[in-house]
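Each chain, written out:
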Amino acid sequence: MSAGEIVVALLILLAGFLSLAAGVGIIRFPDVLTRLHAATKPQVLGLVAVLVALVIQVPTWGVLTTVILVMTFQLLTQPMTAHMIARSAYRTDHVRRDLLITDELARDIDDPALAIGRESDQEPSEHEMPRA
Amino acid sequence: MIFVIIIAGAMFAAGALCAVYRIIRGPSILDRALAADVLLAIAICALGAEMALTRHTDTLVVMLVLALFAVVGSISIARYMAGQDAS
């Protein structure tokens, strides 16, 4: 095995380990927000490891540009998903509040100085989520 | 190299099975959406690892499309989830 193949093997083993860690974390962690933390591992670092391994194995310009595109789209879209899931979990009360050390969002929601514009949204329609 | 294939494949499979377990058991629909996201991320990683180990680039486009459209499902579930949907 050459040095390049050893690096590729280590990167792929790292990606596999991160996938396994995400699986264990998503089973063991207690609520949605903590599971979001575990979910990020194969989504970002695992994908980076696999894509670097791929570029080392097939070093052409076509592969490199496509790999950069894949990583860009993943980094653009995954934070949106995580944000929407966390927002929805907070509003539908799927958060274990006894596990939180501090909850700055609850403090801001209760703050009357930040309540401007909320009065008009007091009657949410059937298909619209209530604004927090 | 066969050693790497077996170990990495076993770890990908174990992670994917854990995600499937959470999809089945998950107490809320958000847990299920999140676990489906993790399953998709593991699938993308496994596709890439298979390409790197066998030195071909046939499924690179599949990875690109999955990275582009993975966002749609989870966001629509999270956006249109009503307040009373506990599961």
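Conventions and cut-offs
Residue positions are counted from 1 within each chain, in the order its sequence is given. Chain letters start at A and ligand numbers start at 1, both assigned in the order the entries are written. Owing to the predicted nature of the model, reporting of local features is limited to residues with pLDDT of at least 70; listing and counting of side-chain atom pairs is limited to 80 or more, with chain, interface and lining totals taken over all residues. For side-chain calculations, the full set of non-hydrogen atoms in the structure is used, while hydrogens and water are omitted. Put simply, DSSP marks the helices as runs of H or I at least four residues long and the strands as runs of E at least two long, and each gets a number from the N terminus on. The cut-offs for exposure are 20% and 50% of the maximum accessible area for each residue type, with area from a 1.4 Å probe on protein chains only; residues under the lower value are buried, those over the upper are exposed, and the others partly exposed. Contact between two residues is taken to exist if any of their heavy atoms lie within 4.5 Å; hydrogens are not considered. Surface accessibility follows the Shrake-Rupley procedure with a 1.4 Å probe radius. Residue values consider only the protein chains on display as shielding. Accessible surface is computed with a 1.4 Å probe, and the buried area is the amount of it that two parts give up when combined, taken over both parts together. What counts as a salt bridge is simple: a side-chain nitrogen of Lys or Arg found within 4 Å of a carboxyl oxygen of Asp or Glu. Pairs of N or O atoms within 3.5 Å make up the polar contacts considered here, provided that, within protein, one atom can donate a hydrogen while the other can accept it, and that residues adjacent in sequence are counted only when both atoms are side-chain atoms. Ten residues, namely Ala, Val, Leu, Ile, Met, Phe, Trp, Tyr, Cys and Pro, are considered nonpolar, four, namely Asp, Glu, Lys and Arg, are considered charged, and the remaining ones, Gly among them, are considered polar. Pairs were defined over the aromatic rings of Phe, Tyr and Trp, the Trp ring being its six-membered one, requiring ring centres within 6.5 Å. Orientation was assigned from the angle between planes: stacked under 30 degrees, edge-to-face over 60, tilted for the rest. Put simply, a charge is over a ring when the Lys NZ or the Arg CZ is close to the ring centre, within 6 Å, and near the line of the ring normal, within 35 degrees. The set of buried Ala, Val, Leu, Ile, Met, Phe, Trp, Tyr and Cys residues whose side-chain atoms join them within 4.5 Å is what this entry labels a nonpolar core. Convention adopted: a line fitted to C-alpha atoms gives each axis, helices being fitted over their contacting stretch, and angles between N-to-C directions are expressed from 0 to 180 degrees. Note on angle classes: values under 35 degrees are labelled roughly parallel, values over 145 roughly antiparallel, values of 65 to 115 roughly perpendicular, and the remainder oblique. Patches in this entry comprise residues that are over 30% relatively accessible and not in a salt bridge; like charges within 9 Å are linked, as are nonpolar side chains (Val, Leu, Ile, Met, Phe, Trp, Tyr) within 5 Å. A score between 0 and 100, pLDDT records how confident the predictor is in each residue.

## Thoughts on the overall build of chain A
Thinking step 1. The helix and strand tally for chain A stands at four helices and zero strands.
Thinking step 2. Secondary structure elements in chain A, listed N-terminal to C-terminal, are α-α-α-α.
Thinking step 3. Across the 132 residues in chain A, those meeting the buried criterion constitute 36%.
Thinking step 4. Across chain A, the fraction of contacts at a sequence separation of at least 24, relative to all contacts at a separation of at least 6, is 52%.
Thinking step 5. Total accessible area computed for chain A in this model is approximately 7,600 Å², and 65% of it derives from carbon and sulfur atoms.

## Section: the interface of chain B and chain A
Where the parts come together, the accessible area they lose is often given as the size of the interface.
Thinking step 1. Contact with chain B, which involves 49 residues of that partner, is made by 47 residues of chain A.
Thinking step 2. Carbon and sulfur atoms supply 77% of the area that chain B and chain A bury against each other, a total of about 4,300 Å² over both sides.
Thinking step 3. It is Met1(B), Met11(B) and Leu34(B) that lose the most area in chain B upon contact with chain A, and together they represent 13% of the buried surface on that side.
Thinking step 4. Applying the counting rule to chain B against chain A returns two salt bridges.
Thinking step 5. At the surface where chain B touches chain A, the tally comes to seven residue pairs in polar contact (both at pLDDT 80 or more).
Thinking step 6. Breaking the side of chain B that touches chain A down by element, the ones donating at least two residues are α1 (2-25), α2 (29-54) and α3 (60-79) of chain B.
Thinking step 7. Among the elements that take part in the side of chain B that touches chain A, α2(B) stands out by supplying 16 residues, more than any other.
Thinking step 8. Class assignment for the residues of the side of chain B that touches chain A results in 36 nonpolar, seven polar and six charged.

## A look at the packing of aromatic side chains
Thinking step 1. Under the criterion given, the structure shown has zero aromatic pairs over all chains.
Thinking step 2. Looking at Arg97(A), its charged tip hangs above the ring of Tyr90(A), at a distance of 4.9 Å from the centre.
Thinking step 3. Geometry around Tyr80(B) places Arg79(B) over its ring, the cationic atom sitting 5.8 Å from the centre.

## Some points on the nonpolar core
Thinking step 1. Formed by 46 residues in total, the largest nonpolar core has its most connected members in Ile12(A), Leu54(A), Ile85(A) and Met63(B).
Thinking step 2. Ranked by residue count, the leading element in this core is α2(B), at 12 residues.
Thinking step 3. Sequence-distant contacts of Ile12(A), defined by excluding residues within four places in its chain, comprise Ala53(A), Ala8(B), Ala49(B), Ala52(B) and Leu53(B).

## Thoughts on the packing of helix α3 (residues 61-91) of chain A against α3(B)
Thinking step 1. In the contact formed by α3(A) and α3(B), the axes pass within 9 Å of each other and the chain directions differ by 10 degrees. When the axis of α3(A) is compared with that of α3(B), the two are roughly parallel.

## Some words on the pattern of salt bridges
Residue and element names in this part refer to chain A.
Thinking step 1. Considering all chains together, one arrives at five salt bridges over all chains under this definition.
Thinking step 2. Linking Arg-97 and Asp-93 is a salt bridge whose minimum nitrogen-to-oxygen distance equals 3.0 Å.
Thinking step 3. The salt bridge partner of Asp-98 is Arg-96, with a shortest N-O separation of 3.3 Å.

## Some points on the side chain of His56(B)
Thinking step 1. Checked against the element boundaries, His56(B) lands in the loop between α2 and α3.
Thinking step 2. Engagement of the side chain of His56(B) in a polar contact is seen with the side chain of Glu50(B), the distance being 3.2 Å.
Thinking step 3. At 3.3 Å, the side chain of His56(B) and the side chain of Thr54(B) are in polar contact.
Thinking step 4. Once residues lying within four places of it in the same chain are set aside, the contact partners of His56(B) are Leu54(A), Glu50(B) and Met51(B).

## Describing a nonpolar patch on the surface
All names here are of chain A.
Thinking step 1. There is a patch of nonpolar side chains on the surface, built from Val-7, Leu-45, Val-48, Val-52 and Ile-56 and spanning about 350 Å² of accessible area.
Thinking step 2. The residue Val-48 is located in helix α2 (residues 32-57) in this model.
Thinking step 3. Accessibility expressed as a relative area gives 33% for Val-48, which makes it partly exposed.

## Some words on the confidence of the model for chain B
When pLDDT is low, close inspection of the predicted coordinates is not appropriate.
Thinking step 1. In the predicted model, chain B carries a mean pLDDT of 88, and the fraction of residues at 70 or more is 93%.
Thinking step 2. Least confident of the elements in chain B is α3(B), whose mean pLDDT is 89; most confident is α1(B), at 93.

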